[in-house]
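Okay, here's what each chain looks like letter by letter:
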Amino acid sequence: MVVLAKGELEQIALPAARPPAADVRSVDLSAPAGPAREAAARALVAACEEHGFFRVTGHGVPVELARAAEAAAAGFFARPQGEKEEEAPTLGYGSKSIGGNGDLGWVEYLLLGVTPAGAVPVASASSSTLPCAAVAGGYSSSSAPTGPLRDLLDEYTVAVRRMACAVLELMAEGLGLGAGAGALARLVTRDDSDCMLRVNHYPPRPDQLGLGAPNLTGFGAHTDPQVISVLRSNGTSGLEIALPGAGGAWASVPPDRDAFFVNVGDTLQVLTNGRFRSVRHRVVVNSERSRVSMVFFGGPPPGERLAPLPQLLGDGRRSRYREFTWTEFKASGCRTRLGEDRLSRFEIASSKIRESLADEGMAQ
Ligand SMILES: C=C1C[C@]23C[C@@]1(O)CC[C@H]2[C@@]12CC[C@H](O)[C@@](C)(C(=O)O1)[C@H]2[C@@H]3C(=O)O
Ligand SMILES: O=C(O)CCC(=O)C(=O)O
Ligand SMILES: [Fe+2]
(Lines give C-alpha, C1' and ligand atoms only; values in the text may rest on other atoms or scores of the structure.)
(Ligands and ions follow the chains in the order given, each with its own letter.)
Protein backbone atom coordinates (compact mmCIF):
# COMPACT_ATOMS: atom_id res chain seq x y z
CA MET A 1 0.00 0.00 0.00
CA VAL A 2 1.14 3.59 -0.56
CA VAL A 3 3.20 5.10 2.29
CA LEU A 4 1.71 7.71 4.60
CA ALA A 5 2.41 11.42 4.21
CA LYS A 6 3.06 13.31 7.47
CA GLY A 7 -0.36 15.01 7.56
CA GLU A 8 -2.08 11.69 6.90
CA LEU A 9 -0.19 10.03 9.74
CA GLU A 10 -1.26 12.79 12.13
CA GLN A 11 -4.89 12.25 11.15
CA ILE A 12 -4.89 8.50 11.84
CA ALA A 13 -2.52 8.24 14.84
CA LEU A 14 -4.07 6.84 18.02
CA PRO A 15 -2.87 6.66 21.65
CA ALA A 16 -1.03 3.39 22.37
CA ALA A 17 -3.45 2.19 25.11
CA ARG A 18 -5.08 -1.19 24.37
CA PRO A 19 -8.68 -1.58 25.57
CA PRO A 20 -9.96 -4.59 27.53
CA ALA A 21 -11.59 -7.54 25.75
CA ALA A 22 -15.32 -7.17 25.07
CA ASP A 23 -17.70 -9.71 26.57
CA VAL A 24 -19.34 -10.60 23.25
CA ARG A 25 -22.54 -12.68 23.42
CA SER A 26 -22.84 -15.72 21.16
CA VAL A 27 -25.99 -16.77 19.33
CA ASP A 28 -26.33 -20.30 17.95
CA LEU A 29 -28.23 -20.05 14.70
CA SER A 30 -28.55 -23.82 14.43
CA ALA A 31 -30.50 -24.24 17.68
CA PRO A 32 -33.39 -26.67 17.04
CA ALA A 33 -37.00 -25.44 17.21
CA GLY A 34 -38.34 -25.40 20.75
CA PRO A 35 -36.73 -24.19 23.99
CA ALA A 36 -33.19 -24.03 22.51
CA ARG A 37 -34.30 -21.76 19.65
CA GLU A 38 -36.35 -19.62 22.02
CA ALA A 39 -33.26 -19.21 24.22
CA ALA A 40 -31.17 -18.26 21.14
CA ALA A 41 -33.77 -15.68 20.11
CA ARG A 42 -33.76 -14.21 23.63
CA ALA A 43 -29.94 -14.07 23.66
CA LEU A 44 -29.97 -12.33 20.28
CA VAL A 45 -32.45 -9.67 21.42
CA ALA A 46 -30.52 -9.08 24.65
CA ALA A 47 -27.27 -8.64 22.69
CA CYS A 48 -28.89 -6.17 20.27
CA GLU A 49 -30.26 -4.17 23.20
CA GLU A 50 -27.01 -4.15 25.15
CA HIS A 51 -24.16 -3.90 22.64
CA GLY A 52 -25.84 -3.92 19.22
CA PHE A 53 -23.29 -6.59 18.43
CA PHE A 54 -23.00 -10.37 18.75
CA ARG A 55 -21.16 -13.44 17.54
CA VAL A 56 -22.93 -16.07 15.44
CA THR A 57 -22.11 -19.78 15.60
CA GLY A 58 -23.95 -22.59 13.80
CA HIS A 59 -24.21 -20.19 10.84
CA GLY A 60 -24.23 -22.70 7.98
CA VAL A 61 -21.73 -20.79 5.81
CA PRO A 62 -19.12 -23.34 4.65
CA VAL A 63 -15.83 -22.45 6.32
CA GLU A 64 -13.92 -23.54 3.18
CA LEU A 65 -15.90 -21.07 1.08
CA ALA A 66 -15.18 -18.19 3.46
CA ARG A 67 -11.49 -19.09 3.60
CA ALA A 68 -11.23 -19.47 -0.19
CA ALA A 69 -12.86 -16.06 -0.78
CA GLU A 70 -10.59 -14.52 1.82
CA ALA A 71 -7.47 -16.13 0.27
CA ALA A 72 -8.44 -14.90 -3.21
CA ALA A 73 -8.94 -11.38 -1.85
CA ALA A 74 -5.60 -11.53 0.00
CA GLY A 75 -4.01 -12.59 -3.31
CA PHE A 76 -5.51 -9.53 -4.96
CA PHE A 77 -4.23 -7.20 -2.24
CA ALA A 78 -0.72 -8.67 -2.64
CA ARG A 79 -0.56 -7.48 -6.27
CA PRO A 80 1.45 -4.36 -7.24
CA GLN A 81 -0.27 -1.07 -6.40
CA GLY A 82 -0.64 -0.01 -10.04
CA GLU A 83 -2.44 -3.23 -10.96
CA LYS A 84 -4.82 -2.85 -8.03
CA GLU A 85 -5.63 0.72 -8.96
CA GLU A 86 -6.44 -0.37 -12.49
CA GLU A 87 -9.18 -2.53 -10.95
CA ALA A 88 -10.86 0.41 -9.20
CA PRO A 89 -13.74 0.55 -11.71
CA THR A 90 -14.31 -3.20 -11.80
CA LEU A 91 -13.73 -4.25 -8.18
CA GLY A 92 -14.31 -0.98 -6.33
CA TYR A 93 -10.69 -0.92 -5.14
CA GLY A 94 -9.77 1.96 -2.88
CA SER A 95 -6.96 2.68 -0.44
CA LYS A 96 -6.59 4.94 2.58
CA SER A 97 -9.55 7.11 1.62
CA ILE A 98 -12.91 6.08 3.13
CA GLY A 99 -16.02 7.68 1.66
CA GLY A 100 -15.90 11.01 -0.12
CA ASN A 101 -15.50 13.44 2.77
CA GLY A 102 -11.85 13.28 3.77
CA ASP A 103 -11.76 10.25 6.10
CA LEU A 104 -8.55 8.23 6.06
CA GLY A 105 -7.47 4.87 7.44
CA TRP A 106 -4.59 2.44 7.12
CA VAL A 107 -6.73 0.20 4.93
CA GLU A 108 -7.29 -0.85 1.35
CA TYR A 109 -10.54 -2.41 0.24
CA LEU A 110 -12.93 -3.72 -2.39
CA LEU A 111 -16.45 -2.32 -2.29
CA LEU A 112 -19.16 -3.95 -4.36
CA GLY A 113 -22.90 -3.59 -4.74
CA VAL A 114 -24.86 -6.83 -4.41
CA THR A 115 -27.47 -7.41 -7.11
CA PRO A 116 -29.38 -10.50 -8.29
CA ALA A 117 -26.55 -10.86 -10.84
CA GLY A 118 -23.94 -11.07 -8.09
CA ALA A 119 -21.42 -8.60 -6.69
CA VAL A 120 -20.87 -5.71 -9.10
CA PRO A 121 -19.10 -2.37 -8.93
CA VAL A 122 -21.08 0.83 -8.76
CA ALA A 123 -21.53 2.89 -11.95
CA SER A 124 -19.17 5.68 -10.87
CA ALA A 125 -15.48 5.12 -11.45
CA SER A 126 -14.57 6.95 -8.25
CA SER A 127 -13.81 4.26 -5.70
CA SER A 128 -13.90 6.60 -2.73
CA THR A 129 -17.54 7.46 -3.27
CA LEU A 130 -18.86 4.14 -4.51
CA PRO A 131 -21.76 3.53 -2.14
CA CYS A 132 -22.78 7.14 -2.31
CA ALA A 133 -22.64 7.12 -6.11
CA ALA A 134 -25.19 4.33 -5.96
CA VAL A 135 -27.76 6.85 -4.79
CA ALA A 136 -27.52 8.71 -8.05
CA GLY A 137 -26.16 6.20 -10.49
CA GLY A 138 -27.29 2.73 -9.50
CA TYR A 139 -25.18 -0.35 -10.02
CA SER A 140 -23.60 -1.23 -13.31
CA SER A 141 -23.34 -4.87 -14.32
CA SER A 142 -21.62 -4.04 -17.62
CA SER A 143 -18.27 -3.58 -15.91
CA ALA A 144 -18.75 -6.51 -13.55
CA PRO A 145 -15.44 -8.09 -12.58
CA THR A 146 -14.87 -11.60 -13.85
CA GLY A 147 -12.59 -14.42 -12.80
CA PRO A 148 -12.10 -16.59 -9.73
CA LEU A 149 -12.08 -13.73 -7.22
CA ARG A 150 -15.42 -12.40 -8.47
CA ASP A 151 -16.91 -15.92 -8.55
CA LEU A 152 -15.83 -16.63 -4.99
CA LEU A 153 -17.11 -13.27 -3.73
CA ASP A 154 -20.45 -13.95 -5.45
CA GLU A 155 -20.77 -17.38 -3.90
CA TYR A 156 -19.74 -16.04 -0.52
CA THR A 157 -22.24 -13.19 -0.75
CA VAL A 158 -25.12 -15.55 -1.52
CA ALA A 159 -24.26 -17.69 1.52
CA VAL A 160 -23.83 -14.71 3.85
CA ARG A 161 -27.01 -13.01 2.68
CA ARG A 162 -28.88 -16.27 3.42
CA MET A 163 -27.37 -16.28 6.88
CA ALA A 164 -28.25 -12.60 7.43
CA CYS A 165 -31.86 -13.53 6.68
CA ALA A 166 -31.75 -16.40 9.16
CA VAL A 167 -30.46 -13.93 11.76
CA LEU A 168 -33.28 -11.49 10.98
CA GLU A 169 -35.88 -14.28 11.20
CA LEU A 170 -34.59 -15.33 14.61
CA MET A 171 -34.58 -11.67 15.63
CA ALA A 172 -38.22 -11.29 14.54
CA GLU A 173 -39.14 -14.31 16.66
CA GLY A 174 -37.29 -12.86 19.64
CA LEU A 175 -39.11 -9.56 19.19
CA GLY A 176 -42.46 -11.36 19.00
CA LEU A 177 -43.33 -9.82 15.64
CA GLY A 178 -45.87 -12.60 14.97
CA ALA A 179 -47.58 -12.23 11.61
CA GLY A 180 -45.13 -9.51 10.55
CA ALA A 181 -42.14 -11.74 11.26
CA GLY A 182 -40.93 -11.87 7.63
CA ALA A 183 -40.73 -8.09 7.32
CA LEU A 184 -37.16 -7.71 8.59
CA ALA A 185 -35.62 -10.39 6.37
CA ARG A 186 -37.58 -9.16 3.34
CA LEU A 187 -35.87 -5.77 3.61
CA VAL A 188 -32.54 -7.28 2.63
CA THR A 189 -33.68 -10.01 0.21
CA ARG A 190 -35.65 -8.15 -2.41
CA ASP A 191 -34.07 -7.89 -5.87
CA ASP A 192 -33.68 -4.17 -5.37
CA SER A 193 -32.42 -4.32 -1.75
CA ASP A 194 -29.35 -2.09 -1.44
CA CYS A 195 -26.82 -4.60 -0.11
CA MET A 196 -23.04 -4.34 -0.38
CA LEU A 197 -19.96 -6.42 0.18
CA ARG A 198 -16.79 -4.84 1.48
CA VAL A 199 -13.45 -6.63 1.77
CA ASN A 200 -10.97 -4.73 3.92
CA HIS A 201 -7.24 -5.34 4.13
CA TYR A 202 -5.30 -3.72 6.97
CA PRO A 203 -1.56 -4.23 6.44
CA PRO A 204 0.55 -4.24 9.62
CA ARG A 205 1.78 -0.88 10.85
CA PRO A 206 4.42 0.31 8.35
CA ASP A 207 8.12 0.00 9.28
CA GLN A 208 8.68 3.64 8.36
CA LEU A 209 7.11 4.53 11.73
CA GLY A 210 9.82 2.86 13.82
CA LEU A 211 9.73 1.80 17.47
CA GLY A 212 7.52 3.64 19.98
CA ALA A 213 5.31 4.93 17.17
CA PRO A 214 1.58 5.52 17.82
CA ASN A 215 -1.13 3.03 16.94
CA LEU A 216 -2.89 3.60 13.65
CA THR A 217 -6.57 3.84 12.81
CA GLY A 218 -7.51 1.23 10.23
CA PHE A 219 -11.16 2.21 9.99
CA GLY A 220 -12.30 5.13 12.15
CA ALA A 221 -15.16 5.05 14.66
CA HIS A 222 -18.60 4.89 13.04
CA THR A 223 -21.96 3.16 12.94
CA ASP A 224 -23.12 1.27 9.85
CA PRO A 225 -26.16 2.88 8.19
CA GLN A 226 -27.86 -0.34 6.98
CA VAL A 227 -30.15 -2.83 8.75
CA ILE A 228 -27.41 -5.28 9.70
CA SER A 229 -23.79 -5.95 8.83
CA VAL A 230 -22.34 -9.47 8.94
CA LEU A 231 -18.58 -9.63 9.33
CA ARG A 232 -15.88 -12.26 9.38
CA SER A 233 -12.12 -11.84 9.59
CA ASN A 234 -8.96 -13.86 9.15
CA GLY A 235 -8.50 -14.07 12.91
CA THR A 236 -6.29 -10.99 13.33
CA SER A 237 -7.40 -8.67 16.12
CA GLY A 238 -8.24 -5.00 15.60
CA LEU A 239 -12.02 -4.65 15.72
CA GLU A 240 -13.25 -2.65 18.72
CA ILE A 241 -16.78 -1.78 19.85
CA ALA A 242 -17.92 1.15 21.98
CA LEU A 243 -19.51 -0.02 25.23
CA PRO A 244 -22.90 1.36 26.28
CA GLY A 245 -22.97 4.23 28.72
CA ALA A 246 -21.51 7.66 28.99
CA GLY A 247 -18.08 7.96 27.45
CA GLY A 248 -18.53 4.86 25.28
CA ALA A 249 -15.25 3.22 26.34
CA TRP A 250 -13.74 0.91 23.72
CA ALA A 251 -13.49 -2.86 24.09
CA SER A 252 -11.64 -5.14 21.69
CA VAL A 253 -13.44 -8.02 20.02
CA PRO A 254 -11.54 -11.30 20.43
CA PRO A 255 -11.07 -12.52 16.84
CA ASP A 256 -12.67 -15.78 15.71
CA ARG A 257 -11.99 -17.01 12.17
CA ASP A 258 -14.80 -19.52 12.17
CA ALA A 259 -17.61 -17.40 13.55
CA PHE A 260 -19.39 -14.34 12.15
CA PHE A 261 -20.09 -11.08 13.93
CA VAL A 262 -23.27 -9.06 13.48
CA ASN A 263 -23.58 -5.28 13.88
CA VAL A 264 -26.94 -3.65 14.42
CA GLY A 265 -27.10 -0.80 11.88
CA ASP A 266 -28.76 2.62 12.10
CA THR A 267 -31.82 1.40 10.15
CA LEU A 268 -32.48 -1.40 12.63
CA GLN A 269 -32.19 1.08 15.48
CA VAL A 270 -34.98 3.06 13.82
CA LEU A 271 -37.14 -0.01 13.06
CA THR A 272 -36.97 -0.98 16.74
CA ASN A 273 -37.65 2.62 17.86
CA GLY A 274 -34.28 2.80 19.55
CA ARG A 275 -34.64 -0.48 21.47
CA PHE A 276 -31.69 -1.96 19.55
CA ARG A 277 -28.45 -0.06 19.52
CA SER A 278 -26.60 0.74 16.33
CA VAL A 279 -23.11 -0.18 17.49
CA ARG A 280 -20.23 2.25 17.19
CA HIS A 281 -17.10 0.39 16.13
CA ARG A 282 -13.62 0.94 14.71
CA VAL A 283 -10.55 -0.98 13.62
CA VAL A 284 -7.13 -0.35 15.13
CA VAL A 285 -4.23 -1.67 13.07
CA ASN A 286 -2.42 -4.70 14.42
CA SER A 287 1.30 -4.02 14.54
CA GLU A 288 2.43 -7.46 13.39
CA ARG A 289 -0.20 -9.21 11.27
CA SER A 290 -2.44 -8.22 8.35
CA ARG A 291 -6.17 -8.22 9.01
CA VAL A 292 -8.58 -9.18 6.24
CA SER A 293 -12.28 -8.73 6.92
CA MET A 294 -15.28 -9.37 4.68
CA VAL A 295 -18.43 -7.45 5.56
CA PHE A 296 -21.90 -7.95 4.07
CA PHE A 297 -24.13 -4.90 4.55
CA GLY A 298 -27.85 -5.69 4.37
CA GLY A 299 -29.66 -2.53 3.28
CA PRO A 300 -33.28 -1.90 2.23
CA PRO A 301 -34.60 -1.06 -1.25
CA PRO A 302 -34.17 2.63 -2.21
CA GLY A 303 -37.80 3.72 -1.87
CA GLU A 304 -38.48 1.75 1.32
CA ARG A 305 -40.18 3.94 3.92
CA LEU A 306 -38.40 3.48 7.23
CA ALA A 307 -40.07 4.05 10.59
CA PRO A 308 -40.45 2.05 13.81
CA LEU A 309 -42.42 -1.18 13.35
CA PRO A 310 -45.89 -0.59 14.85
CA GLN A 311 -45.46 -3.62 17.17
CA LEU A 312 -42.34 -1.98 18.65
CA LEU A 313 -43.64 1.50 19.36
CA GLY A 314 -43.87 0.75 23.06
CA ASP A 315 -46.39 1.95 25.62
CA GLY A 316 -46.33 5.62 24.67
CA ARG A 317 -46.93 4.68 20.99
CA ARG A 318 -44.59 7.54 20.09
CA SER A 319 -42.04 7.21 17.35
CA ARG A 320 -38.60 8.60 18.17
CA TYR A 321 -37.88 9.07 14.46
CA ARG A 322 -39.66 10.73 11.60
CA GLU A 323 -40.32 8.51 8.60
CA PHE A 324 -37.76 8.61 5.80
CA THR A 325 -36.80 6.56 2.77
CA TRP A 326 -33.54 4.68 2.45
CA THR A 327 -32.62 6.93 -0.49
CA GLU A 328 -33.12 9.98 1.72
CA PHE A 329 -31.08 8.51 4.58
CA LYS A 330 -28.29 7.40 2.31
CA ALA A 331 -28.08 10.71 0.50
CA SER A 332 -27.91 12.55 3.80
CA GLY A 333 -25.37 10.01 5.20
CA CYS A 334 -23.11 10.42 2.20
CA ARG A 335 -22.64 14.05 3.10
CA THR A 336 -21.38 13.14 6.58
CA ARG A 337 -17.92 12.38 7.90
CA LEU A 338 -17.45 8.77 9.00
CA GLY A 339 -17.74 9.42 12.74
CA GLU A 340 -20.86 11.60 12.66
CA ASP A 341 -24.20 10.65 14.17
CA ARG A 342 -26.27 10.16 11.01
CA LEU A 343 -29.55 9.49 12.83
CA SER A 344 -29.76 12.66 14.89
CA ARG A 345 -31.33 14.67 12.08
CA PHE A 346 -34.15 12.11 11.88
CA GLU A 347 -34.88 12.07 15.62
CA ILE A 348 -38.19 13.72 16.37
CA ALA A 349 -37.09 15.34 19.62
CA SER A 350 -34.04 17.05 18.19
CA SER A 351 -35.79 18.21 15.02
CA LYS A 352 -38.61 19.67 17.17
CA ILE A 353 -35.98 21.56 19.14
CA ARG A 354 -34.41 22.79 15.90
CA GLU A 355 -37.81 23.93 14.62
CA SER A 356 -38.52 25.92 17.74
CA LEU A 357 -35.03 27.44 17.65
CA ALA A 358 -35.66 28.37 14.01
CA ASP A 359 -39.00 29.95 14.99
CA GLU A 360 -37.15 32.03 17.54
CA GLY A 361 -34.54 33.00 14.94
CA MET A 362 -31.80 31.18 16.85
CA ALA A 363 -30.98 28.41 14.38
CA GLN A 364 -27.40 28.33 13.11
C1 LIG B 1 -17.66 8.66 5.32
C2 LIG B 1 -18.44 7.74 4.78
C3 LIG B 1 -17.99 6.39 4.35
C4 LIG B 1 -19.30 5.64 4.26
C5 LIG B 1 -20.19 6.69 3.64
C6 LIG B 1 -19.92 7.87 4.56
O7 LIG B 1 -20.25 9.12 4.01
C8 LIG B 1 -20.65 7.62 5.88
C9 LIG B 1 -20.90 6.10 6.14
C10 LIG B 1 -19.73 5.23 5.70
C11 LIG B 1 -20.06 3.74 5.63
C12 LIG B 1 -19.77 2.95 6.92
C13 LIG B 1 -20.20 1.49 6.71
C14 LIG B 1 -19.76 0.92 5.37
O15 LIG B 1 -18.36 0.61 5.40
C16 LIG B 1 -20.03 1.92 4.20
C17 LIG B 1 -19.76 1.27 2.86
C18 LIG B 1 -21.42 2.44 4.33
O19 LIG B 1 -22.44 2.06 3.79
O20 LIG B 1 -21.43 3.54 5.17
C21 LIG B 1 -19.25 3.20 4.50
C22 LIG B 1 -19.30 4.32 3.44
C23 LIG B 1 -18.13 4.28 2.46
O24 LIG B 1 -17.08 3.71 2.73
O25 LIG B 1 -18.26 4.92 1.42
O1 LIG C 1 -12.85 -4.41 8.97
C2 LIG C 1 -13.55 -4.54 9.95
O3 LIG C 1 -13.38 -5.40 10.79
C4 LIG C 1 -14.71 -3.58 10.15
C5 LIG C 1 -14.95 -2.73 8.94
C6 LIG C 1 -16.15 -1.86 9.05
O7 LIG C 1 -16.57 -1.50 10.12
C8 LIG C 1 -16.82 -1.45 7.82
O9 LIG C 1 -16.33 -1.82 6.72
O10 LIG C 1 -17.84 -0.75 7.92
FE1 LIG D 1 -18.58 -0.68 9.96
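Residues numbered from 1 in each chain as written. Chains lettered and ligands numbered in written order. Predicted model: local features only at pLDDT ≥ 70, side-chain atom pairs only at ≥ 80, totals over all residues. Heavy atoms only, no water.

- Under an unreviewed UniProt entry, the chain has the name Fe2OG dioxygenase domain-containing protein and belongs to Paspalum notatum var. saurae.
- Looking at the Cofactor (unreviewed entry) heading of the UniProt record, one finds this comment for the chain: "L-ascorbate".
- Per UniProt, the chain carries the Sequence similarities (unreviewed entry) text "Belongs to the iron/ascorbate-dependent oxidoreductase family." (UniProt positions renumbered as here; feature names shortened; annotations may be inferred.)

**Some thoughts on the overall build of the chain**
1) Next: Within the chain, the secondary structure is distributed over 11 helices and 16 strands.
2) Next: Buried residues in the chain amount to 51% of all 364 residues.
3) Next: As displayed, the chain offers around 15,300 Å² of accessible surface, 54% of which is attributable to carbon and sulfur atoms. (Helix = DSSP H or I, 4+ residues; strand = E, 2+ residues; numbered from the N terminus. Buried < 20%, exposed > 50% of the residue type's maximum accessible area, 1.4 Å probe, protein only. Areas by Shrake-Rupley, 256 points an atom, 1.4 Å probe, with all protein chains shown as cover.)

**A word on empty space enclosed by the protein**
A water-sized probe rolled over the atoms picks out the places where empty space is left.
1) Next: This structure, assessed with the given rule, holds 3 cavities of 30 Å³ or more.
2) Next: Around the second largest cavity, the lining residues are L231, R232, S233, T236, S237, G238, L239, V253, P254, P255, F261 and R291.
3) Next: Top element by residues in the lining of the second largest cavity is strand β9 (residues 228-233). It accounts for 3 residues. (1 Å grid on protein atoms, 1.4 Å probe; cavity = no way out; pocket = protein on both sides within 12 Å on 5 of 7 lines; lining within 4 Å. Points joined across faces, edges and corners; volume = space filled by probe spheres on them.)

**Topic: the site of ligand 2**
1) Next: In the vicinity of ligand 2, the contacting residues are R198, N200, Y202, F219, H222, D224, L231, H281, V283, R291, S293 and F297.
2) Next: Here N200 contributes a side-chain N or O atom positioned 3.2 Å from an oxygen atom of ligand 2.
3) Next: Measuring from an oxygen atom of ligand 2, one finds a side-chain N or O atom of S293 at 2.6 Å.
4) Next: Here ligand 2, which alone exposes 290 Å², has 98% of that area covered by the protein.
5) Next: For the shell around ligand 2, the secondary structure elements donating two or more residues are β7 (195-202), β8 (215-222), β13 (281-284) and β14 (291-298).
6) Next: Among the residues making up the shell around ligand 2, the classes are represented as 5 nonpolar, 4 polar and 3 charged. (Near = heavy atom within 4 Å. Polar contact = N/O pair within 3.5 Å; in protein donor to acceptor, adjacent residues only side chain to side chain. Nonpolar A, V, L, I, M, F, W, Y, C, P; charged D, E, K, R; others polar.)

**Quick word on the environment of L153**
1) Next: With respect to the helices, strands and loops of the structure, L153 is situated in helix α7 (residues 148-174).
2) Next: Overall, L153 belongs to the buried group, its relative accessible area being 0%.
3) Next: Distance from L153 to L110, taken between C-alpha atoms, is 11 Å for residues 43 residues apart in sequence.
4) Next: Excluding its chain neighbours within four sequence positions, the residues that come into contact with L153 are A69, L110, L112, L197 and V199. (Contact = heavy atoms within 4.5 Å.)

**Looking at the layout of surface pockets**
1) Next: In this structure, the largest pocket encloses a volume near 310 Å³.
2) Next: Taken together, 17 residues line the largest pocket, and the ones lying closest to its centre are T223, Q269, S278, R280 and D341.
3) Next: Here the lining of the largest pocket is composed, by residue class, of 3 nonpolar, 6 polar and 8 charged.

**A short note on the side chain of Q269**
1) Next: In this fold, Q269 is placed in helix α9 (residues 266-271).
2) Next: Relative accessible area serves as the criterion here: at 15%, Q269 is assigned to the buried category.
3) Next: Side-chain polar atoms of Q269 contact the backbone nitrogen of S278, separated by 2.9 Å.
4) Next: Of the polar contacts made by the side chain of Q269, one reaches the side chain of Y321; its length is 3.0 Å.
5) Next: When near neighbours in sequence (up to four residues on either side) are disregarded, Q269 contacts V264, G274, F276, R277, S278, Y321 and L343.

**Points about the coordination of the iron ion (ligand 3)**
1) Next: Summarising the metal site, the iron ion (ligand 3) is bound by the protein donors H222 (NE2), D224 (OD) and H281 (NE2), whose distances to it range over 2.1 to 2.2 Å.
2) Next: Sequence positions of the donors to the iron ion (ligand 3) reduce to the motif H-x1-D-x56-H.
3) Next: The exposure class assigned to H222 is buried, which follows from its relative accessible area of 8%. (Donors = N, O, S within 2.8 Å, 3.2 Å for Na, K, Ca; no water.)

**Re the side chain of S278**
1) Next: Here S278 lies in the loop between α9 and β13.
2) Next: A residue is classified by how much of its surface remains accessible, and S278, at 8% relative accessible area, is buried.
3) Next: At 2.7 Å, the side chain of S278 and the side chain of D266 are in polar contact.
4) Next: If we ignore the near neighbours within four places in the chain, the residues touching S278 are T223, D224, V264, G265, D266 and Q269.

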